[in-house]
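Here is how the chains run, residue by residue.
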Amino acid sequence: MKKEKSCGAIVYRKQEGVIQFLLIHQALGHWTFPKGHVEDGETEQQTAYREIIEETGVEVSFEDGFRVVNTYSPKEDTLKDVIFFLAQPIGGHEEPQPSEVSDVRWLTCVEAHAIITYPSDRALLKKAIDHIRLRGDWKEY
């Protein structure tokens, strides 16, 4: 069985007292979090950082203590691990990668939950929210 590995992050910010999440609309039609394949010699966070900048134009800083692995089979005889971190923006500006991403949006939790294509990504959003809430950074949805 072929093994693949991608890395990305749930990027969030607090804007006017509201937590917002960065989502991409892939050219194939799916709403998800930015992520991509690991290149030779990269660490997981280096991959996630590169992919976030390439797909969204946003530079990020990763938070400690959050690493979630989603494993699934994208096609027969292939098993894929996608590692997600939690990050906040530190620079750049939203600009979709023309070859892969048709839109980049900051959305509230409710908006993000409604638009995310895959149930596994909605579960990932919930894990991120729970992590943020446990730190006391966010009291309401």
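Residues numbered from 1 in each chain as written. Predicted model: local features only at pLDDT ≥ 70, side-chain atom pairs only at ≥ 80, totals over all residues. Heavy atoms only, no water.

### Thoughts on the pattern of salt bridges
No. 1: Under the counting rule described, the total for this entry stands at 10 salt bridges.
No. 2: When the shortest N-O distance is used, the salt bridge between R50 and E54 registers 3.4 Å. One end of the pair, R50, and the other, E54, are both in helix 1 (residues 44-56), 4 residues apart, so they sit about a helical turn from each other.
No. 3: For R50, a relative accessible area of 16% gives the class buried.
No. 4: The network of salt bridges with shared partners includes E39, E42, R50, E51 and E54. (Salt bridge = Lys/Arg side-chain N within 4 Å of Asp/Glu carboxyl O. Helix = DSSP H or I, 4+ residues; strand = E, 2+ residues; numbered from the N terminus. Buried < 20%, exposed > 50% of the residue type's maximum accessible area, 1.4 Å probe, protein only.)

### A word on the nonpolar core
No. 1: With 21 residues, the main nonpolar core has I10, F21, L23, F33, L86 and L125 as its most contacted residues.
No. 2: Mapped onto this core, the elements with two or more residues apiece are strand 1 (2-15), strand 2 (18-26), strand 5 (58-72), strand 6 (78-92), helix 2 (109-115) and helix 3 (119-134).
No. 3: Among the elements that line this core, the one with the most residues is helix 3, at 5 residues.
No. 4: The residues touching L86, leaving out its near neighbours within four places in the chain, are I10, Y12, S61, F62, E63, F66, A128, H131, I132 and R135.
No. 5: Within the second largest apolar cluster, 16 residues are counted, among which are I83, A87, V104 and W106. (Core = buried A, V, L, I, M, F, W, Y, C linked by side-chain atoms within 4.5 Å. Contact = heavy atoms within 4.5 Å.)

### Examining the confidence of the model for the protein chain
No. 1: When pLDDT is averaged along the protein chain, the result is 93; 96% of the residues meet or exceed 70.
No. 2: Averaged pLDDT values for the elements of the protein chain fall to 93 in helix 3 and rise to 98 in helix 1. (pLDDT = per-residue confidence, 0-100.)

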